[in-house]
Structure formats: C-alpha cells, structure tokens
There are 2 protein chains.
Amino acid sequence: MGRIAVAILGAGAMGSTLATPFVEAGHDVRLWGTWLDDEIIAALRRGEPHPGTKARVEPRARLFASDQLEQAVDGTDMVLLAVTSEGLDPVFALTVPYLKPTHRVVTVAKGFGRDGAGRVILLPDLLRSRLTPQLAAIPIIAVGGPSKAVEVGQRAPTCVTYAADRLEDARECQRLFGTKVYVIEASDDLTGLEICAALKNVYAIGLGICEGFKQREGILHNNMKGAVFQVAVDELAQVCVAAGGRAESARGLPGSGDLELTGEAGRNRVLGELIGGGMTADQAVAAMKAKGLTVEGYPATAYGREYCQQLGLDEQALPLLHGMYQILYRGAEPFEALLASLHRHYATRP
Amino acid sequence: MGRIAVAILGAGAMGSTLATPFVEAGHDVRLWGTWLDDEIIAALRRGEPHPGTKARVEPRARLFASDQLEQAVDGTDMVLLAVTSEGLDPVFALTVPYLKPTHRVVTVAKGFGRDGAGRVILLPDLLRSRLTPQLAAIPIIAVGGPSKAVEVGQRAPTCVTYAADRLEDARECQRLFGTKVYVIEASDDLTGLEICAALKNVYAIGLGICEGFKQREGILHNNMKGAVFQVAVDELAQVCVAAGGRAESARGLPGSGDLELTGEAGRNRVLGELIGGGMTADQAVAAMKAKGLTVEGYPATAYGREYCQQLGLDEQALPLLHGMYQILYRGAEPFEALLASLHRHYATRP
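Everything quoted here is computed from the prediction, not taken from an experiment.

## Quick notes on the relation of the copies chain B and chain A
- Each copy superposes on the other: chain B lies on chain A with an RMSD of 0.0 Å after a rotation of 180° and an axial shift of 0.0 Å. Here the transformation between the copies is reduced to the relation of a two-fold axis.
- Most of the interface of chain B is mirrored in chain A: 100% of its interface residues are interface residues there too.

## Overview of the pattern of salt bridges
- This structure, assessed with the given rule, holds 44 salt bridges over all chains.
- Here Asp 169 of chain A and Arg 166 of chain A are joined by a salt bridge, their closest N and O atoms 3.0 Å apart.
- Look at Arg 166 of chain A and you get exposed, because its relative accessible area is 52%.
- Across the pair Glu 260 of chain B and Lys 225 of chain A runs a salt bridge, and its minimum N-O distance is 4.0 Å. With Glu 260 of chain B in helix 11 (residues 253-262) and Lys 225 of chain A in helix 9 (residues 222-242), this residue pair bridges two chains. In terms of burial, Glu 260 of chain B and Lys 225 of chain A fall into one category: buried.
- What emerges from the salt-bridge pattern is a single network uniting Glu 211, Lys 225, Arg 269 and Glu 273 of chain A together with Glu 260 and Glu 264 of chain B.

## Examining the packing of aromatic side chains
Residues and elements named next belong to chain A.
- Under the defined criterion, the tally for this structure stands at 17 aromatic pairs over all chains.
- On the numbers, 6.5 Å between centres and 75° between planes, the contact of Phe 22 with Tyr 182 is edge-to-face. Here the residue Phe 22 occupies a position in helix 1 (residues 13-24), and Tyr 182 occupies one in strand 10 (residues 182-187), the gap between them amounting to 160 residues.
- Classification of Tyr 182 as buried rests on a relative accessible area of 3%.
- Between Phe 112 and Tyr 307, the ring centres sit 5.4 Å apart and the planes meet at 45°, which makes this aromatic pair tilted.

## Thoughts on helix 16 (residues 334-347) of chain B
All names here are of chain B.
- Over its 14 residues, helix 16 extends 19 Å from the first C-alpha to the last, a length consistent with the 20 Å expected when each residue adds 1.5 Å.
- Every buried residue belonging to helix 16 is among Pro 334, Phe 335, Ala 337, Leu 338, Leu 339, Ser 341, Leu 342, His 345 and Tyr 346, and all of these are buried.
- The backbone nitrogen of Phe 335 lies 3.2 Å from a side-chain oxygen of the residue at the head of helix 16, namely Glu 333.

Procedures and definitions
- Residues numbered from 1 in each chain as written.
- Chains lettered and ligands numbered in written order.
- Predicted model: local features only at pLDDT ≥ 70, side-chain atom pairs only at ≥ 80, totals over all residues.
- Heavy atoms only, no water.
- Least-squares fit on C-alpha atoms with pLDDT ≥ 70 in both.
- Contact = heavy atoms within 4.5 Å.
- Salt bridge = Lys/Arg side-chain N within 4 Å of Asp/Glu carboxyl O.
- Buried < 20%, exposed > 50% of the residue type's maximum accessible area, 1.4 Å probe, protein only.
- Helix = DSSP H or I, 4+ residues; strand = E, 2+ residues; numbered from the N terminus.
- Phe/Tyr/Trp six-rings, centres within 6.5 Å; stacked < 30°, edge-to-face > 60°.
- Expected span 1.5 Å × (residues − 1).
- Polar contact = N/O pair within 3.5 Å; in protein donor to acceptor, adjacent residues only side chain to side chain.

Right, here's the structure in full:
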C-alpha cells in the first residue's frame, strides 16, 4: 500500500499540523473540523492562517466542515482522531457509522475516559468499546513522544512513537507516514504509551513547580527538578507494568522523551510555575482559565490517581503522583509535598 | 558508626560545597585544597566567600592547604576526591601513603582515564590501580545524579546516587550523609554510574545544539531536543550493559536524571548552543576557553568514543555518540548529523 487516504478529525493545533507530514509523505489528506472548529475551517477556506496557531496549514489538505463528516471519511483508509479527551467519545460515536472493517483508527488524544460502569479507562479502550461487532477487528493505533504541534508544522525534526496491540499495525504507520523530519518508532505497547501520554502531563506540572520555586526563594531548584523528573519516569514505569504494559515505554520516547519536552515548555509547566511561585493551585488554575487555557495535567491528576488505585497502586507505591494530587486538590504546601515524595522514593528504599 | 571524620580533597565548587551536607549530617569535615586551590583556602581562612563560586563555605569545615595533605587525611575514616578527572591520578597518588586499610574512598570526579597500556578506563579503576596490596580491600564509592554544586551549598533539595561494587558500602554513605535536603540512593552499579557521569556531558552538548538551532533558524527545536535526550539515554544504557553495568543506572538518577539537569544548565549546554547557533566546534571551544571555561563533555567525547570502541560498540550501535564526535572533531554539520543519528536510532529499527 503506497498512497492512502486519511481523514484527520479535529482541526485544532495537532490535527491541522499533522496534515504537513502526511501530505509530504504522499497521501490524500482530509481535515475535518468539529462543531467547535467551524471558524477554523472557514478561515482556512479563505486562505488565512489557522486562527488558533497562526500557522499556515498545508494547502493540499482538503477541508471539511462539521456537517461534512460523512464526506470527509468516505473513501478513506484511515481516520486520525485529533480531538480533546472529552471530545473523543462524542466525535468517535458520530464517526463509527461511516467506518468500514478495513479502516485503521489512529488517536493522538491524551487523557483518560470512563466506561459504562464509571471506571477510569484508557482512551483506546474507550474507542474499542464503541466499535460494532463487524468493526471489532479494526486496529487502533496511538501516538506518543515529544511532539509540539507548532514544530511539526514548521518541519522541525520530530520523533514519535506509534503503538498498536499488533506491532504490524504500528509498522504500517511507520512506513506510511515517516518523512525526513517526521521520524516514527513502532511499538506494540499501546497500553504503556497511553499511560505515558496521559500521566506525563501531571508530572510536568511538578517540574514546573520546581521552576517556580526560584521566584519564591530566589535560588534555582534544578537539582530538585532533575530528581522529580527521574521519580516521575520511575512511577510511569510502575504504572505501565501494573496495567499490563511495559516499563520500556516509560523509559523511552513516550515517557521520559516526552516528559523532557513537556517539562521545558507548555501549559502544564506554566501552571506548575505559578504554584511554585506562591499561588494556590485553585488560584493558578483560575489564572490559566482566565487566559482561555485549559491544562490537561490538572484533570489527569485526579483521573490518574483513580486509575492507579484501580490497579492497586496506592500512595506508598506512587509518592510523587500522590504528592501532586495533594498539591493540586488538597492544598498541600508544594515544597514540602515534593520533598517528601523524593524521600519516600529514594531514601527509604531497601 | 555515627560520627566520622572525612577529608574532602579538592576545594573547587563541588568539594567546598559538599562540606555543607556532611557537616549538617554531623561529621568532622576537613577541606583540603590542591596546589591549584591555595588562593581559595587562603580566602576561606580570611573568612571570605569562595573566590570561585562566591558562596559562603560551611565554617565548621576545617581547612588544609596543599602542603597539609597528611594532616588533612590523618585520623579520618574516609577521603572524598573532588578534583578534575586530570587531577585525580596525581592527587590520589599523593594521598595513598596516608591511607589505612579501614579507609573508604569516595569520588565525585567525572570522566575517563588511561591505564598503563594506554587503554581508556573508568576513574574508579584508575584509583584501584593505585592502591597497594595492603589497601586493596578499600571500598571505592562514586557519586552521580543531578547535582549542581551551587544548589547543594544553598541547601536546595538534591537527590544523588552513591554506588559501590558492594551495595553495603553505598548504603553506609546513604546512612552517614543523608539529610533532609541531601537525599541519597544507594546502588551497587559502580560501572554504570561512572559511565553515565562521564558520557552524559557529551550528550548534554547535543541538547545544547538543539537549543542553539533557534538562533540560526528562528524556530524552536524542542521536539528534536526531546528526541536527542531519549536517544542519549538509550545509548547510555547500551554502554552500561556492554561494560558489565546495568541499564537501570542509565535509566535512573545517574543517567536520565542527571542529563535532564545537564541539558538545562551548565557549560556543556552552553558549548552546544554556540555550535547550534552557527559557530564551528573549534570556534565554540575557543570562545569558551577565552572565558576561562573548560567543558568536560568535549574531551569526554573523544575518550568516550575510544572507550566504546574498546567495548566493541561501533557507530552503528551508537549513532548519536558517533554524530557528536563527527560534529565536535570532524567538522560535521550539526543539524544533518543529529538528524541522521535520530533516523538511525528509530526509523531503521527492526
């Protein structure tokens, strides 16, 4: 299979940007905007830059507005879901009627969902639960790794991991979408990749907190940031293994590679910096909201804690995740809470 | 053993700063300056701050000038070597006559040395080769992990790994030196820790290069930096295993934890930024030298390449280390060299 047709569902920063490597890899790319993206699609049709990212969107991508989902998906080989974790379930429910058994489904959404019984689940499991029996064999592939949308659109080199339950499905994406500057690693650890994608945002807030201490105390806390980074990677590895995934994902591109990036830049880090600098978590979340910025790591902290409890991982097993929950939801003093988690992870080890 | 006497040999940034946690942990601490440190010891004796770091040095540490090595070591239980990798061999040769079989030797030096046959070796092996038969059982312990000296002196929280061939020797240091803000992990992977300590500086130059691209190209390369970070950790793990150490060290505090810090701040990163920004490697090294700054990662690149060749790891096995060598010593264009190493690591994997 050389040239395929792919429908990118969601015209936000990541969806609109992925048109660039996919078109450059030689494919027929359609970009569909959700009902929240109608203005984006209208602006792109007028030849303007993306209203959100201010970047030019690859003009060879064909544009579809929210009422054109069927046309966008019709005749494609693959759909790629690039919506928020909250938007994923409703968008996919609308999409399923247009899928064929030969489709592949790729998701770049990051976060958690809930099943019918109210249990926290990973997003690929949420997608799978929506598939009808005749579509049950459709491969679901998720994307992780250090990948800021703006840089992908600028053709700055980016290495990402595509993971599926069957390695062959990830390898197909590697072959189809890899370009000189969009480098793809294939993995069969879908579970591990998803855990890293969702939880790394929680830990990135912790890295931001260490940066914020400088404002409050007048001295750098880069040693602490390095230590928090490492404990985060170790905890991600524990969660991956407990969920049936592999530590390798946490200690690879989807985990430590992405956390290195997320701790340097982005909303999660900014939220953390505000808290480290002296705001309460509530104040900091409100300050971000006032600027129109939602921070993925904030809800992911509560979801992630619940998910880990379901796996039997308590606060003794994951002191940093627990510390982040206490800081973000229970008013814990961030310096003492982070320091206590470092002690629990290192000093008291056998 | 509760209170011990420890002689810190070398009064540079790290040696003078370690007096702080060691005194706070309740020990009798002596600080000896090498013949390069005479002005430092003189200034400290006058009650002035450290001339190099401008920081106040813990006043309860007893000071010894370069001609007082015997007095500094006499009656101690431990010597801690805090000199450069070049200074390590001559300083230790002078120290050995004053050691007793009950001494422990700790080193915070980072880098490589050569044995009598001219082969590249790790620094603890260099130290061991200097021990006389009656001292042969002395434990050698090395320190790694994200630890900028200035922050240790400011009591900013710091997590480090002490590693020895026998875990019990590292555990003793953990018990003796741990404080509320100086948190110690014990490891029995001395080889792995040393490899990370020496080689992480090479890779930190690579992270700096990614930062530098912004100056030249006007756009951020944080995705690339995250990918280079991950390839660096993966290569460190390979070298650890090939040398008889453990991947765990590379994927823990001595490897990825320290690299996170080193890629954020420090001379290695600065050198990389100059190169990424457009200087040739020679120009950048000269510019650093003109400011009196030696960059550990530069010689470590040539040593590290040779060390890995001795282990049978060639450029196919370690494309990023090889790429760094080509950039720093052979005039390779940094963007193309780094991108090629990412492709080799990810895209062509089985």
